Amino acid sequence: MRTSRRFGLFATTASAAAFVLLATACGGGGGGGGEEGEASADFITIATGGSSGVYYQVGATMSEILADDLGADTSVQSTGASVENLTLIEDGGAELAFTQGDAVDQALNGEGPFDGKEIESLPVVANLYDQYVQLVTVEGSGIESIEDIKGKAVSVGDQNSGVELNAKTVVDAYGLSYDDFDADYLPYAEAIDQMRNGQLDAAFVTSGLPNSAVTDLATSDKVKVVPFTGEGREKLLAEHDYFGEGEVPAGTYGDSEAAETLTIPNLLVVSPSLSDDAVYDVTKSLFDNLDQIQSSHNAAKDITVDTAQDVPVGEVAPGAKKYFDEQG
């Protein structure tokens, strides 16, 4: 099992929860790591992403809601995001996890980073909001198109993160590979720091809009979001059902220009060890307090009850479906 390299909010609580989870699993009781479909929602660890990303910000708010509304012992874990999060769900290290739709698809089919490590069950609480696949650079880098990253230093995200899955897919569609540029595996905050210091030319960023790390970069540099155009874009849309057409609006990062890009669905998955009743309670708690979640980040404003069951990969968990069906 991969262990998280960075822990965020409520780290002490996370350690305590992990101890209790281990104890209850050995005794067959509730909490993560119990028998499939039997665990309660008393202990909830939410696997998110880097501490500067949208996952973490929205996850921290969800943690507060579940603690206040359900009286759950909650924690937020900062991780390398999608792939690591799904591994945590599989290994009993988290009860809820943020992930991109393509990572779920690959995990269920034993492909990509899950080759030989297929995950049988990844029930989905909800389709949350679209992620925007962005290639970010600054004025003067000489990068005007994706093909221009040849010979440049480019961050592709944490290794085996959802960002890196997207980076690999994108560069392949444009006839490139990591051999064509100096690929560095960095979380958003570190990538932005290196761009500001002139050590990095560009960074792949897959997140809701705006990404806080890129917004920070725009306070000191003129940010450019490289557009996804031409045959590469058409290939990506034709070959991968989970990609959608999108645009980063002008002014998203300071005075940046509008840029065509791609979107990918962002999902909240739940451990199959939780009972249907526990999943129902979690779903109800989160969506009955949706206004609080929507206020946590601009991207979270797109989370709605109406679109929550629009899940392109995997299946909505029965407990979550029961709640959404009750809402009509």
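Treat the numbers as computed from the prediction; the structure is a model and nothing was measured.

Reading the values: the criteria
- Residues numbered from 1 in each chain as written.
- Predicted model: local features only at pLDDT ≥ 70, side-chain atom pairs only at ≥ 80, totals over all residues.
- Heavy atoms only, no water.
- Helix = DSSP H or I, 4+ residues; strand = E, 2+ residues; numbered from the N terminus.
- Buried < 20%, exposed > 50% of the residue type's maximum accessible area, 1.4 Å probe, protein only.
- Contact = heavy atoms within 4.5 Å.
- Pairing = 2+ DSSP bridges.
- pLDDT = per-residue confidence, 0-100.
- Core = buried A, V, L, I, M, F, W, Y, C linked by side-chain atoms within 4.5 Å.
- Patch = residues over 30% accessible without salt bridge, like charges linked within 9 Å, V, L, I, M, F, W, Y side chains within 5 Å.
- Areas by Shrake-Rupley, 256 points an atom, 1.4 Å probe, with all protein chains shown as cover.
- Salt bridge = Lys/Arg side-chain N within 4 Å of Asp/Glu carboxyl O.
- Lys, Arg positive; Asp, Glu negative; His and termini not counted.
- Charge placed at Lys NZ, Arg CZ, Asp CG, Glu CD.
- Axes fitted to C-alpha atoms, helices over the stretch in contact; angles between N-to-C directions.
- Parallel < 35°, antiparallel > 145°, perpendicular 65-115°, else oblique.
- Left-handed = near helix turned anticlockwise from the far one by under 90°.
- Nonpolar A, V, L, I, M, F, W, Y, C, P; charged D, E, K, R; others polar.
- Arc of directions from axis to C-beta.

1. A closer look at the overall build of the protein chain
In terms of helices and strands, the protein chain carries eleven helices and ten strands. Looking at the 328 residues of the protein chain, the share that counts as buried comes to 55%. The long-range fraction of contacts in the protein chain, counting pairs at least 24 apart against all pairs at least 6 apart in sequence, stands at 74%.

2. Points about the pairing of strand S10 (residues 259-270)
The buried fraction of S10 is high, at eleven of twelve residues. Here strand S4 (residues 124-138) runs beside S10; their pairing, made up of seven bridges, is antiparallel. Among the inter-strand pairings, Asn 127 is bridged to a residue of S10, identified as Leu 267. With five bridges connecting them, strand S9 (residues 244-248) and S10 associate as antiparallel partners. Residue pairing in the sheet places Gly 244 in a bridge with Thr 263 of S10.

3. Considering unusual backbone geometry
That bond from Leu 209 to Pro 210 is cis: its omega, -10°, falls within 30 degrees of zero. Backbone geometry at Ala 81 places phi at a positive 80°, although glycine is not the residue there. Along the chain, Ala 81 turns up in the loop between strand S2 (73-77) and helix H3 (82-91).

4. Considering the confidence of the model for the protein chain
Interpretation of this model should avoid reading the predicted coordinates in detail wherever pLDDT is low. When pLDDT is averaged along the protein chain, the result is 88; 89% of the residues meet or exceed 70. Contacts for the low-pLDDT stretch residues 1-34, under 50 throughout, to residues beyond four places or in other chains number 56 contacts.

5. Observations concerning the nonpolar core
Within the largest apolar cluster, 57 residues are counted, with the highest numbers of intra-cluster contacts made by Met 62, Leu 86, Leu 96, Leu 286, Phe 287 and Ile 293. Judged by nonpolar contacts, the second largest core, of 46 residues, contains Ala 153, Ala 173, Ile 192 and Leu 200.

6. Comments concerning a negative patch on the surface
A cluster of acidic side chains, namely Glu 90, Asp 91, Glu 118 and Glu 120, defines a negative patch on the protein surface. Inspection of the secondary structure assignment puts Glu 118 in the loop between helix H4 (101-109) and S4. Exposure remark for Glu 118: the relative accessible area of 48% places this residue in the partly exposed category.

7. A look at the environment of Asn 85
Here Asn 85 shows up in helix H3. Sequence separation between Asn 85 and Ile 46 is 39 residues; the distance between their C-alpha atoms is 8.9 Å. The residues contacting Asn 85, other than those within four sequence positions of it, are Ala 47, Thr 48, Thr 79, Ala 97 and Phe 98.

8. Structural notes on the packing of helix H2 (residues 54-70) against helix H9 (residues 276-288)
For the pair H2 and H9, interaxial distance at closest approach is 9 Å and the crossing angle is 110°. With respect to H9, the axis of H2 lies roughly perpendicular. Considering how the two elements wind past one another, H2 and H9 form a crossing that is right-handed. Residue-level contacts link Met 62, Ile 65, Leu 66, Asp 69 and Leu 70 of H2 to Asp 281, Val 282, Ser 285 and Leu 286 of H9. Of the residues that constitute the contact of H2 with H9, the class distribution is six nonpolar, one polar and two charged.

9. A closer look at helix H6 (residues 188-196)
Those residues of H6 lying buried are Tyr 188, Ala 191, Ile 192 and Met 195. Here the buried residues of H6 occupy an arc of 95° about the axis, which is enough to place them on one side. Buried residues in H6 make contact with S4, strand S5 (153-155), helix H5 (162-173), strand S7 (202-207) and helix H7 (212-217). Positioned one or two residues after H6, Gly 198 has a phi angle of 80°, which is positive.

10. Regarding helix H11 (residues 318-326)
For H11, every residue scored as buried is listed here: Gly 319, Ala 320, Tyr 323 and Phe 324. Considered in projection along H11, the buried side chains sweep an arc of 135° and stay on one side of the axis. Taken together, the buried residues of H11 touch S4 and H9. Note on H11: the residue one or two positions beyond its end, Gly 328, has a positive phi of about 80°.

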